[in-house]
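Each chain, letter by letter, is given below.
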Protein chains: 2
Amino acid sequence: MSLKYLTSRTAQQIDEELMSSAGAFSLDQLMELAGIACAQALARVYDKKKYPNVLVCCGPGNQGGDGLVAARHLGMFGYRPTIYMPKPGSKDIYQRLKLQCDNMKIKTIPPSNDPEILRDALSSTNVILDAIFGFSFKGPIRAPFDSALPILSDSRLPIVSVDIPSGWHVEEGNVEGVGLRPDVLVSLTAPKLGVRSFGGRHFLGGRFIPKSLEEKFELNLPEYPGSDQIVELKE
Amino acid sequence: MSLKYLTSRTAQQIDEELMSSAGAFSLDQLMELAGIACAQALARVYDKKKYPNVLVCCGPGNQGGDGLVAARHLGMFGYRPTIYMPKPGSKDIYQRLKLQCDNMKIKTIPPSNDPEILRDALSSTNVILDAIFGFSFKGPIRAPFDSALPILSDSRLPIVSVDIPSGWHVEEGNVEGVGLRPDVLVSLTAPKLGVRSFGGRHFLGGRFIPKSLEEKFELNLPEYPGSDQIVELKE
């Protein structure tokens, strides 16, 4: 039985069940565990001595929230994260997560449409954490991300993407060729159909799925080692 | 500069600041991170192959909530936790955390004043996680815990205590001699004055204190290794 790759709709259903009585989780809990998994995966691949400066790119949805949690944990791990969040989310949780980063003295790039500001931040960045678009992404890519994605790509910096590389179709992958090309991918809960042919290092995070949900959705999750919040997927 | 040991009052102040604008954390987040630290410390010392059956003893307060989170993560780590929670807390978060454990098919000992039920559970237990009383504990020890603590002690099973071993005075230690005598202690945020002379393996968890709070309270926290949520304290 092999690991299941999810449609966008199934990913959404699992998310809903995790927060319904079948899981009973709060969004605060799920984001905390997702974000810590992303931070751990980045730390596993990119040593903080060689890659201290992480640009954490956050979208306006839950994916961006995972990014903010990851930024905070990366700060605790001894990295120097900077947040790029040109379109802040309006949800209360998003603002609390941002305030937690502010309290940790994590810098945020001032919101601006000037591409030079992003390029300037990239010039002192060692690795990018891409938490812009998640499993509910439906194109087209709107401003300011339409211009930001090519700038991130052009930097040729290593990229760690969360769940689905930004710009990819969730089920069909980088069909339009406009998406980021990450070196590392952190799939949350279970990988999405669009990343079936992803060739980089691929981690799974989200070690919180009750067995009943795993069975219901026939996820066939791999075993996580020890007390880690991530497991690396091998071909 | 050595690690600071906290009074009960300072521990409470830090907790309040973490949830005020200085920290901006939700109780859900703090409990999740505290609970995962406790589960990791137990897993570090007691291998799941030799010690699969963990009796997680939960009090009616926030400490019990940490215990429920730890029980869930221990289940994810491959242990077989059982919950002993003779006096369930009434807070909403407590009930959600319990439901999460139920959803993971983690068993709970039926509430009862019959000491045989606890003794029976202990007969198939390999290690006890003590999350009964925390840093706001003020004696005397009331029923049903007055009779439960001696039964736990008499089992001679290894005990991992969270923050302050149950029955100990938070600042003066096991002065009355009625407290548990744990082999392992997981202090959260910073150790409390009462455990200064604790001689077992001592871990620190709660890797979420902003530098500003660490400085304000002169905690002098040690460095956590890698992306771990715990650090072992050495003499």
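As a convention, each chain's residues are numbered from 1 in the sequence order in which they are written. As a convention, the first chain written is A and the first ligand written is 1, with the rest following in written order. A pLDDT threshold of at least 70 governs which residues receive local features in this predicted model, and a stricter bar of 80 or more applies before side-chain atom pairs are shown or counted, although totals over entire chains, interfaces and linings include all residues. Based on all heavy atoms of the structure, the side-chain values leave hydrogens and waters out of the count.

## Some points on the relation of the copies chain B and chain A
Here comes step 1: Once turned by 180 degrees and shifted 0.0 Å along the axis, chain B lies on chain A with an RMSD of 0.0 Å. Considering both components of the superposition, the chain copies are consistent with a two-fold axis.
Here comes step 2: A high fraction, 100%, of the interface residues of chain B reappear at the interface in chain A, so the copies pair face to face through one surface. The atoms used to superpose the copies are C-alpha atoms, taken from residues with pLDDT of at least 70 in both, and the fit is least squares. By the convention used here, residues are in contact when the closest approach between their heavy atoms is within 4.5 Å.

## Here's the deal with helix 1 (residues 8-19) of chain B
Residues spaced three or four apart along an α-helix point in a common direction, a consequence of the helix completing one turn every 3.6 residues.
Residue and element names in this part refer to chain B.
Here comes step 1: The end-to-end C-alpha separation of helix 1 is 17 Å, in line with the 16 Å expected for 12 residues at 1.5 Å each.
Here comes step 2: Summary of the burial criterion: residues with accessible area below 20% of their type's maximum are buried, those above 50% are exposed, and those between are partly exposed, where the area comes from a 1.4 Å probe applied to protein chains only. Working definition: helices are DSSP H or I runs of at least four residues, strands are E runs of at least two. Numbering for both runs from the N terminus. For helix 1, the full list of buried residues reads S8, T10, A11, I14, E17 and L18.
Here comes step 3: On its buried face, helix 1 sits against helix 2 (27-45) and helix 7 (211-216). Helix span is expected to be 1.5 Å times the residue number reduced by one.

## With respect to the environment of T189 of chain B
Residue and element names in this part refer to chain B.
Here comes step 1: Positionally, T189 belongs in the loop between strand 6 (184-188) and strand 7 (201-205).
Here comes step 2: Overall, the relative accessible area of 10% leaves T189 in the buried class.
Here comes step 3: Residue contacts for T189: discarding those within four places in its chain leaves I14, L204, G205, G206, F208, I209 and L221.

## Details of the pairing of strand 5 (residues 159-162) of chain B
All names here are of chain B.
Here comes step 1: Both faces of strand 5 are covered, namely the face carrying I159 and S161 and the face carrying V160 and V162.
Here comes step 2: We call a crossover right-handed when, viewed with both strands directed away from the observer, the connection leading from the first strand over the helix to the second proceeds clockwise. Handedness of the β-α-β unit built from strand 4 (residues 127-131), helix 6 (residues 145-154) and strand 5 comes out right-handed.
Here comes step 3: Strand pairing is assigned whenever DSSP identifies at least 2 bridges connecting the two strands. Direction of pairing for strand 5 relative to strand 6: parallel, over a ladder of three bridges. Bridge pairing links V160 to V184 in strand 6.

## A short note on the UniProt feature "domain: YjeF N-terminal" (unreviewed entry) in chain A
Here comes step 1: Taking the numbering used here, the UniProt-annotated feature "domain: YjeF N-terminal" (unreviewed entry) corresponds to residues 11-221 of chain A.
Here comes step 2: Between the C-alpha atoms that bound residues 11-221 of chain A the distance is 14 Å, and the span itself is 38% helix and 15% strand. UniProt positions are given in the numbering used here, feature names are shortened, and annotations may be inferred rather than shown by experiment.

## Some details on the side chain of N103 of chain B
Here comes step 1: Note that N103 of chain B resides in helix 4 (residues 92-103).
Here comes step 2: Setting aside anything within four residues of it in sequence, one finds N103 of chain B in contact with S21, A22, G23, A24, P210 and S212 of chain A.

## Considering unusual backbone geometry
Here comes step 1: The omega angle of the peptide bond from G139 of chain B to P140 of chain B is 0 degrees, so this bond is cis rather than trans.
Here comes step 2: Of note, P140 of chain B is situated in the loop between strand 4 and helix 6.
Here comes step 3: A cis amide bond links A143 of chain B with the next residue in sequence, P144 of chain B, at an omega value of 5 degrees.
Here comes step 4: For P144 of chain B, the location among the structural elements is in the loop between strand 4 and helix 6.
Here comes step 5: Unusually for a residue other than glycine, A24 of chain A sits at a positive phi of about 70 degrees.
Here comes step 6: By secondary structure assignment, the location of A24 of chain A is in the loop between helix 1 (8-19) and helix 2 (27-45).

## Here we look at the interface of chain B and chain A
Here comes step 1: If you look at the interface, chain B gives 32 residues, while chain A gives 32 residues.
Here comes step 2: Simply put, the buried area is the total loss of 1.4 Å probe accessible area from both parts when two parts are fitted together. Regarding the contact of chain B and chain A, the summed buried area is about 2700 Å², with carbon and sulfur atoms giving 54% of it.
Here comes step 3: Think of a salt bridge as a Lys or Arg side-chain nitrogen and an Asp or Glu carboxyl oxygen that are within 4 Å of each other. Inspection of the region where chain B meets chain A yields zero salt bridges.
Here comes step 4: In protein, a polar contact means a hydrogen-donor-capable atom and an acceptor-capable atom, both N or O and within 3.5 Å, with residues adjacent in sequence counting only if both atoms are side-chain atoms; elsewhere, any N or O pair within 3.5 Å suffices. Taken together, the links from chain B to chain A amount to 18 residue pairs in polar contact (both at pLDDT 80 or more).
Here comes step 5: For the side of chain B that touches chain A, the secondary-structure elements that each account for two or more residues are helix 2, helix 3 (62-77) and helix 4 of chain B.
Here comes step 6: It is helix 2 of chain B that provides the largest number of residues to the side of chain B that touches chain A, a total of six residues.

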